[in-house]
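Residue-level listing of the chains:
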Amino acid sequence: MAKTGLPALLRPEDSIVVLIDHQPYQFANLHSHEPTMITNNVIGLAKGAKVFNVPTILTTVIEERGGYLIKGLQDVFPDQKPINRTFINTWEDPAVTDIVKKSGRKQLILAALWTEVCLAMPAIQALGEGYDVFVVTDASGGVSAESHDMAVRRLVQAGAVPITWLAVVAEWQRDWAREATAVPLTEVIRDHGGASGIAYAWEVQLLESAAKGAKAGKAGV
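Caption draft 1: Seen up close, the overall build of the protein. The helix and strand tally for the protein stands at ten helices and six strands. Each principal axis of the C-alpha atoms in the protein carries an extent, and together these give about 70 × 40 × 35 Å. Each of the 221 residues in the protein was classed as buried or not, and the buried ones make up 47%. Contacts spanning at least 24 positions in sequence make up 78% of the contacts within the protein whose residues lie at least 6 apart. Counting only carbon and sulfur atoms, one obtains 59% of the accessible surface of the protein, whose full area is about 11100 Å². The centroid of the 20 positive side-chain charges in the protein is displaced by 4 Å from the centroid of its 24 negative side-chain charges.

Below, the structure is given as structure tokens:
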């Protein structure tokens, strides 16, 4: 994996996303983050992947007992049935790995509940198979702040790259002159980017107000 230079950045055409176990049982013992933040961030990541046509795999573990994938995430891909596993380690399930291998993409972007288990296991195994693994820390979470932190440290030692969801979509975009994705990505940031989204909405309001004022001024001449 390139650690520096342009090749170290994410590229949509080389990326594939796997979102693991964002379901009720996992959220019930999530204490490293505010659950609403993880929900917001993983949905933002999923919507970003959709903007850039990055293949995205949804997976759950024993959903009949652990619960279905959260609705907001399922709504991003309404026609996609999450892969339901019994394996704790997603990377041991051929139903998931066969899709990744068939894609031929080597930049593997993972987010999961919990970080110390369902994120760490597949990330470490995939690193051993030659994938460039990026772990989205703010779309993942653990049973405690310490659990999440220790897992991220372990993953970094193993060679994974910690990253946040906004950094992922920014690297995919790379240039705001790429208008085909800039417009829909801005909508994702508006809805899920916190203060950045609020500031954007305010900017649009100011521009619209200025345009209305200019129009009214011309009408009064």
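Caption draft 2: Structural context of the pairing of strand β4 (residues 107-112). Most of β4 is tucked away: six of the six residues are buried. Note: strand β1 (residues 15-20) against β4, six bridges, orientation parallel. Bridge pairing in β4 places Ile16 opposite Leu108. Running through helix α6 (residues 115-128), the crossover from β4 to the neighbouring parallel element strand β5 (residues 132-136) is right-handed.

Caption draft 3: Here's a closer look at the sheet that holds strand β3 (residues 83-85). With respect to topology, six strands assemble into an open sheet ordered β3-β2-β1-β4-β5-β6, the strand pairing being parallel. Every interior strand has two partners, whereas the edge strands, β3 and β6 (161-163), have only one. Recorded for the sheet is a direction-independent mean angle of 25° between the axes of neighbouring strands. Bridge analysis of β5 against β6 gives three bridges, and the strand direction is parallel. Within the sheet, the bridge partner assigned to Val135 lies in β6 and is Pro162. Along the sheet, helix α5 (residues 94-103) contacts β1, β2 (56-61), β3 and β4; its crossing angle with β1, the most-contacted strand, is approximately 170°. Helix α8 (residues 165-173) rests against β1, β4, β5 and β6 of the sheet, and its axis sits at about 100° to β6.

Caption draft 4: Region of the structure containing the packing of aromatic side chains. Taken as a whole, this structure holds three aromatic pairs when the rule is applied. Note on Trp91 and Tyr131: the rings are 5.5 Å apart at their centroids and 80° apart in plane angle, and the pair reads as edge-to-face. In this pair, Trp91 sits in the loop between β3 and α5 while Tyr131 sits in the loop between α6 and β5, placing the two residues 40 residues apart along the sequence. Tyr131 carries the same exposure label as Trp91, and that label is buried. One cation-aromatic arrangement involves Lys106 over Tyr131; the distance from NZ or CZ to the ring centre is 4.2 Å.

Caption draft 5: Here's a closer look at the pattern of salt bridges. Tallied over the entire structure, the rule returns six salt bridges. Asp75 is the partner of Lys71 in a salt bridge, and the nearest nitrogen-oxygen pair spans 2.7 Å. Taking the relative accessible area as the measure of exposure, Asp75 reaches 44% and is therefore partly exposed. The closest approach of N and O atoms between Arg153 and Asp149, which form a salt bridge, is 3.1 Å. In this pair, Arg153 and Asp149 are both assigned in helix α7 (residues 145-158), four residues apart and thus about one turn of the helix distant.

Caption draft 6: Broad picture of the packing of helix α2 (residues 35-51) against α8. In contact at an axis separation of 9 Å, α2 and α8 are set at 10° when each is read in the N-to-C sense. It follows that α2 is roughly parallel to α8 by the angle criterion. Note that α2 runs across α8; the crossing there is left-handed. Here Asn41, Gly44, Leu45, Gly48 and Ala49 of α2 lie close against α8, whose contacting residues are Trp165, Val168, Val169 and Trp172. Grouping the constituent residues of the contact of α2 with α8 by class yields six nonpolar, three polar and no charged.

Conventions and cut-offs
Residues numbered from 1 in each chain as written. Predicted model: local features only at pLDDT ≥ 70, side-chain atom pairs only at ≥ 80, totals over all residues. Heavy atoms only, no water. Helix = DSSP H or I, 4+ residues; strand = E, 2+ residues; numbered from the N terminus. Buried < 20%, exposed > 50% of the residue type's maximum accessible area, 1.4 Å probe, protein only. Contact = heavy atoms within 4.5 Å. Areas by Shrake-Rupley, 256 points an atom, 1.4 Å probe, with all protein chains shown as cover. Lys, Arg positive; Asp, Glu negative; His and termini not counted. Charge placed at Lys NZ, Arg CZ, Asp CG, Glu CD. Pairing = 2+ DSSP bridges. Right-handed = clockwise from strand over helix to strand, strands pointing away. Axes fitted to C-alpha atoms, helices over the stretch in contact; angles between N-to-C directions. Phe/Tyr/Trp six-rings, centres within 6.5 Å; stacked < 30°, edge-to-face > 60°. Lys NZ or Arg CZ within 6 Å of the ring centre and 35° of its normal. Salt bridge = Lys/Arg side-chain N within 4 Å of Asp/Glu carboxyl O. Parallel < 35°, antiparallel > 145°, perpendicular 65-115°, else oblique. Left-handed = near helix turned anticlockwise from the far one by under 90°. Nonpolar A, V, L, I, M, F, W, Y, C, P; charged D, E, K, R; others polar.

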